[in-house]
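Report on the structure
Each chain, letter by letter, is given below.
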Amino acid sequence: MPRWLWITLLLAVLALFWAASGGDPPRPAVGASGQLDCPTLPAPERLGTPLQVNLGDAPVFEVAGHQLQPLAAFALEARVLRREDYRFDRGAAISPTDLALGWNRMADPAVYQQLDISQRGRWYHYRWGAQGPPIPLPEIIRSSANMHLVPADAAVAAALDRVRPGQAVRLRGWLVEVHDREGWRWRSSLSREDSGDGACELIYVCELSSY
């Protein structure tokens, strides 16, 4: 059985364990600092498949004049394939940076350096040469993603500023849906299997480090 399938089964078992233990998945809560606390999750596998536990109804939380609704607890350790900073688009006020991240075989420089990787318009793009993709395309899709990051505080924002392509990052937070009073809406993907419009993760990041 492929390694990624074992990891997927493990995550499914973990979610079932939480449900069986009283239907008590990680719950968003505002801490003493006024910020949304980090979810309680096991440490993610080193450069492995992200951890995610979906939520039911969760309270709306306000950040910079926007309402955030947590959708899932989320944690990962992944390779930074590329970064792109945004200042002028609609999402920049809440998410100033996108990271294109890779895990499993997409964290291996021998693999991802065979791709021409770019970011623009909040999308992550990759191309390959005449030799074809270094790994099967479905594996590229489920082992990498463009992630819109919402720093929880100044410390997370400063840590994000230091992140460079080629490094690995560890982060914990919440996949969220963002909306404002004018009806603008931005929703995170909840799947690692999708691609194209709507496939990016939108993460309220409460812990971030790089190495």
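Our structure is the block above this text.
In short, a report on the structure. Bear in mind the structure is a predicted one, so any value in this text is a computation, not a measurement.

Cut-offs and rules
- Residues numbered from 1 in each chain as written.
- Predicted model: local features only at pLDDT ≥ 70, side-chain atom pairs only at ≥ 80, totals over all residues.
- Heavy atoms only, no water.
- Helix = DSSP H or I, 4+ residues; strand = E, 2+ residues; numbered from the N terminus.
- Buried < 20%, exposed > 50% of the residue type's maximum accessible area, 1.4 Å probe, protein only.
- Contact = heavy atoms within 4.5 Å.
- Disulfide = S-S within 2.5 Å.
- Polar contact = N/O pair within 3.5 Å; in protein donor to acceptor, adjacent residues only side chain to side chain.

Once that is clear, we can look at the overall build of the chain. Within the chain one finds four helices and 10 strands. The linear arrangement of helices and strands in the chain, starting from the amino end, is α-β-β-β-β-α-β-β-α-β-α-β-β-β. Per-residue burial for the chain yields a buried fraction of 48% across its 211 residues. Here the analysis covers contacts within the chain between residues at least 6 apart in sequence; of these, 71% occur between residues at least 24 apart.

The next subject is the state of the cysteines. Applying the stated criterion to the full structure yields one disulfide. Across the disulfide from Cys38 sits Cys206; the S-S distance is 2.0 Å. Its torsion about the S-S bond being 125°, the disulfide of Cys38 and Cys206 is classed as right-handed. Within this pair, whereas Cys38 is found in the loop between α1 (3-20) and β1 (51-54), its partner Cys206 is found in strand β10 (residues 201-210), the two being separated by 168 residues in sequence. Its relative accessible area of 21% is what places Cys38 among the partly exposed residues. A residue is classified by how much of its surface remains accessible, and Cys206, at 14% relative accessible area, is buried.

Moving on, we come to the environment of Thr97. With respect to the element layout, Thr97 can be found in strand β4 (residues 97-102). Residue classification places Thr97 among the buried positions, given a relative accessible area of 2%. Taking the C-alpha atoms as reference points, Thr97 and Asp161, separated by 64 residues in sequence, lie 8.7 Å from one another. A polar contact of 3.5 Å, which involves the side chain of Thr97, links it to the side chain of Arg83. Within polar-contact distance, the side chain of Thr97 engages the side chain of Asp85 at 2.7 Å.

In short, shape yes, function no, at least from these values alone.
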